[in-house]
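Per-entry structural report
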Amino acid sequence: MAIKQISVFLENKPGRLDAMTDVLTEANIDIRALSLAETKDFGIVRMIVDDVYETATILKDNDYIASMTPVVAVRIPDIVGGLNKVLKCLTQAGINIEYMYASLAGKKSDHAYMIFRVEEVQKAEIALRAGGFLLANQDDISDM
Amino acid sequence: MERYYQEELECASRETMVALQNEKLVKQVKHVWDNVPYYRKLMEEKGVTPDDIQSIDDLYKLPMISKYDLREAYPYGLLGCDLKKCVRIQSTSGTTGKRVVAFYTQDDVDLWEECCARAITAAGGTNEDVCQVSYGYGLFTGGPGLNGGSHKVGCLTIPTSSGNTDRQIMFIQDLQATILCCTPSYAAYLGERMKEMGLSPDEIPLKAGIFGAEAWSEEMRRDIENTLGIKAFDIYGLTELSGPGVSFECSEQSGMHINEDHFLPEIIDPDTLEVLPEGSEGELVFTSLDKEAFPLLRYRTRDICVLSREKCSCGRTLIKMKKPKGRSDDMLIIRGVNVFPSQIETVLLNYGYAANYQIIVDRKNNTDTLDVQVEMTPEMFTDNLGEIEKRQKDLIDGLKSMLGLKAKVTLVAPKTITRSEGKAVRVIDKRKI
Ligand SMILES: [Zn+2]
């Protein structure tokens, strides 16, 4: 089960990321993972949140440009080389990773999740499940 | 069925029109000679008297005037009649700061409003229409001109003036406005707001729009037409000559018919001042034929365009002018290259961006810099940074091939470029400060 990532356009200026997270905090949105890709003048914030649709609505109401993208959240086994095993599995399946980032540890969870943005989500999921890895679904994220 | 406001003039044969223009020109020159010492002096310096002007073929003998003369003669130096006969002034700031003040007698106002009535009729307006005038009212000619034209056609006129967008939309919806008059940038903004409110083009009662007072591209026209579900008509004018309605578009949407029974056009080479043959691109020069209070002979508009007498499918025989490339006042010279904001707008829309942009020109280390700031749109956004950068680079290449100049493109957040209720501020030239 792929989960939905929210991507937001931000200008690369002081205070912009602050202002956006303020808006989400005010609406009681919990950010479970966040990564930032930037150029000299703009950036893209990618987030995993507890309530995707509420977040999308609030961002739109506040004149942000946001989009939703399916991504794969994989629980990283708590062993040496855990991430390495996941990456190997994806490589063997011929999956190209566009980008990846780590999830913040949840309140109830003692596991680390890695978020993968790949072209072929379904193919990645099948390969990872077959490799014995645990994937998070939207409910897992919300309950995290 | 094409409708005309004054068919006998709008569709007159060439012979009839020339005869009328000859007669009016002789009278207008005499009027200026007798009443405007400032222009009489220019004629005397050139050794021309009213006797030398017998027909429009003699027009070239007259001296030209420009904005410079309007400033020199400010405020009363070009007045052509007793102030007692004047009933109105209109004024424009012009880009250089000092205001232009134009005077009108009641006949001048009527003539101007008739020109606007022709434009509204050409856009399909009749006394069954509800015409919302969202141009600014006041010193700016947009509001008063279209308001008067709308009355003459007999439309129910809603004088909302500019601003208060939600109220504009409320009137359009509640009173079922069918014609909208405003600047193209404001029309685009109204369209954007109505789209946000979830109104589809079918739910908007408007059928036509008359948009002018700033340069806009063909692509912007199509965008406005699609969001509002209307046919958008261009209108052109200058406060110096009366206001909007000097020329107007018909259903063919391929240039604007000049009301040449009132305003005689010429195209000149702006450098040599030589009159150019029909079809040449050059500076547009107008001679008023009927003005009492503010007659102008051979007034240089600074607008670069082309005239054409090709037969028009609407049946009007009035000469057509192509949409000006831009006022030479708007023209920027960047690293020695002539750049019109309208060219930049065309590229932006062609590459999928919206017409929400600002052009910032500066000088760094003695080199001019051109920064085009354009708002990100939901359509152009993706979570893939590389893809956005690629689109940004494509846009830079597109600008380069249009302008012959390398520009910087800055993507900015939505709604950060101030929405304009009148004329959009498209250019910030920091070099002048
Ligand atoms: Zn026509």
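Just so you know, these numbers come straight off a predicted model, no measurement behind them. (Residues numbered from 1 in each chain as written. Chains lettered and ligands numbered in written order. Predicted model: local features only at pLDDT ≥ 70, side-chain atom pairs only at ≥ 80, totals over all residues. Heavy atoms only, no water.)

**Considering the overall build of chain B**
The test is simple: Strands are runs of DSSP state E lasting at least two residues, helices are runs of H or I lasting at least four, and both sets are numbered from the N terminus onward. For this measure, only C-alpha atoms enter the radius of gyration; the expected value for a globule follows 2.2 Å times N^0.38, where N is the number of residues. To sort residues, take the accessible area from a 1.4 Å probe on protein chains only and compare it with the maximum for the residue type: under 20% means buried, over 50% means exposed, and anything in between is partly exposed. Residue contacts are counted whenever heavy atoms from the two residues lie within 4.5 Å of one another.
Per the secondary structure count, chain B includes 11 helices and 19 strands. Its C-alpha atoms give chain B a radius of gyration of 22 Å, within 12% of the compact-globule value 22 Å for 433 residues. Burial statistics for chain B: of 433 residues in total, 58% are counted as buried. Within chain B, residue pairs in contact and separated by at least 24 positions form 66% of the contacts whose partners lie at least 6 positions apart.

**Some details on the domain arrangement of chain B**
Residues and elements named next belong to chain B. Definition in use: An automatic or database domain assignment supplies the start and end points of every domain. Buried area is understood as the total, over both parts, of accessible area removed when two parts are fitted together, assessed with a 1.4 Å probe. Here, a salt bridge means any side-chain nitrogen of Lys or Arg that lies within 4 Å of a carboxyl oxygen of Asp or Glu.
Entries for chain B in the domain assignment read domain 1 (7-329) and domain 2 (334-429). Computed over C-alpha atoms, the centres of domain 1 and domain 2 are 30 Å apart. At the junction of the two partners, domain 1 supplies 23 residues and domain 2 supplies 16 residues. Buried surface at the junction of domain 1 and domain 2, both sides included, amounts to about 1500 Å², of which 52% is carbon and sulfur. At the junction of domain 1 with domain 2, the criterion picks out one salt bridge. Among the ionic pairs, E196 bridges to K415, the shortest N-O distance being 2.8 Å.

**With respect to the domain arrangement of chain A**
All names here are of chain A. This is how the line gets drawn: Under the rule applied, a polar contact is a pair of N or O atoms within 3.5 Å (in protein, one hydrogen donor and one hydrogen acceptor; residues adjacent in sequence only if both atoms are side-chain atoms). All amino acids are sorted into three groups, where Ala, Val, Leu, Ile, Met, Phe, Trp, Tyr, Cys and Pro are nonpolar, Asp, Glu, Lys and Arg are charged, and the leftover types, Gly among them, are polar.
Split by domain assignment, chain A resolves into domain 1 (3-69) and domain 2 (71-143). Just the C-alpha atoms count here: the centres of domain 1 and domain 2 sit 22 Å apart. If you look at the interface, domain 1 gives 16 residues, while domain 2 gives 16 residues. Both sides together, the interface formed by domain 1 and domain 2 hides about 1400 Å², and carbon and sulfur atoms give 52% of it. Along the contact surface separating domain 1 from domain 2 lie zero salt bridges. On inspection of domain 1 and its partner domain 2, the count reaches seven residue pairs in polar contact (both at pLDDT 80 or more). Elements represented by at least two residues in the side of domain 1 that touches domain 2 include exactly strand 1 (3-11), strand 2 (31-38) and strand 3 (42-49). Here the element with the most residues in the side of domain 1 that touches domain 2 is strand 2; it accounts for five residues. For the side of domain 1 that touches domain 2, the per-class residue count stands at eight nonpolar, three polar and five charged.

**Observations regarding empty space enclosed by the protein**
All names here are of chain B. As a reminder of what qualifies: Detection works on a 1 Å grid of protein atoms alone, calling trapped sets that fit a 1.4 Å probe cavities and calling open sets with protein on both sides within 12 Å along at least five of seven lines pockets, with lining residues defined by an atom within 4 Å of a point. Grid points are joined across faces, edges and corners, and a volume is the space filled by probe spheres set on the points.
Using the criterion set out here, one finds two cavities of 30 Å³ or more in the structure. Roughly 60 Å³ of internal volume is contained in the largest cavity. Lining the largest cavity, in full, are L70, A73, Y74, P75, L78, V100, V101 and F294. The class makeup of the residues in the lining of the largest cavity is eight nonpolar, no polar and no charged. Approximately 30 Å³ is the volume attributed to the second largest cavity. Lining of the second largest cavity is provided by V32, V36, Y39, I65, L78, P295, L296 and L297. Along the lines of polarity and charge, the residues of the lining of the second largest cavity split into eight nonpolar, no polar and no charged.

**Describing the interface of chain A and chain B**
Counting from both sides, the interface comprises 20 residues of chain A and, opposite them, 20 residues of chain B. Surface buried jointly by chain A and chain B totals about 1600 Å² across both partners, of which 64% is contributed by carbon and sulfur atoms. When the buried surface of chain A facing chain B is broken down by residue, F9(A), F42(A) and I65(A) rank first, second and third, together holding 37% of it. Our count for the chain A to chain B interface comes out at two salt bridges. We note a salt bridge from D63(A) to K415(B), for which the minimum N-O separation is 3.5 Å. The interface formed by chain A and chain B contains five residue pairs in polar contact (both at pLDDT 80 or more). With five residues, strand 1 of chain A is the largest single contributor of residues to the side of chain A that touches chain B. Partitioned by chemical class, the residues of the side of chain A that touches chain B number eight nonpolar, five polar and seven charged.

**Structural notes on the sheet that holds strand 16 (residues 357-364) of chain B**
Residues and elements named next belong to chain B. We count it as follows: Think of it this way: DSSP has to see at least two bridges between two strands before they count as a pair. Angles here are taken between N-to-C directions and fall from 0 to 180 degrees, while the axes themselves are lines fitted to C-alpha atoms, restricted in helices to the stretch in contact.
Reading across from one edge, 18-17-16-19 is the order of the four strands in this open sheet, with mixed pairing throughout. The strands lining the two open edges of the sheet, one partner per strand, are strand 18 (408-412) and strand 19 (427-429). For this sheet, the mean angle separating the axes of adjacent strands, direction not counted, is 20 degrees. Pairing between strand 16 and strand 17 (residues 367-375): eight bridges, direction antiparallel. Of the residues in strand 17, the one forming a bridge with R363 is D368. With respect to the sheet, helix 10 (residues 341-350) is in contact with strand 16, strand 17 and strand 19, its orientation differing from that of strand 16 by roughly 125 degrees. This element, helix 11 (residues 385-403), spans strand 17 and strand 18 of the sheet and lies at about 135 degrees to strand 18.

**Notes on the packing of aromatic side chains**
The condition is simple: For this analysis, a ring pair means two rings from Phe, Tyr or Trp (six-membered ring only for Trp) whose centres lie within 6.5 Å, classed as stacked if their planes differ by under 30 degrees, edge-to-face if by over 60, and tilted for the remaining angles. Each ring is checked for a lysine NZ or an arginine CZ that lies within 6 Å of its centre and within 35 degrees of its normal; such an atom marks a charge sitting over the ring.
Enumeration according to the criterion identifies 10 aromatic pairs over all chains in this entry. The interplanar angle of 40 degrees and the centroid separation of 6.5 Å between the aromatic rings of Y236(B) and F286(B) together place this pair among those described as tilted. With a gap of 50 residues between them, Y236(B) in strand 7 (residues 231-238) and F286(B) in strand 11 (residues 281-288) connect regions that are remote in the sequence. Exposure class is identical for Y236(B) and F286(B). Each is buried. Ring-pair connections join several aromatic residues into one group, and the members of that group are F9(A), F42(A) and F381(B). Directly above the aromatic system of W216(B) lies the positively charged group of R221(B), at a separation of 5.8 Å from the ring centroid.

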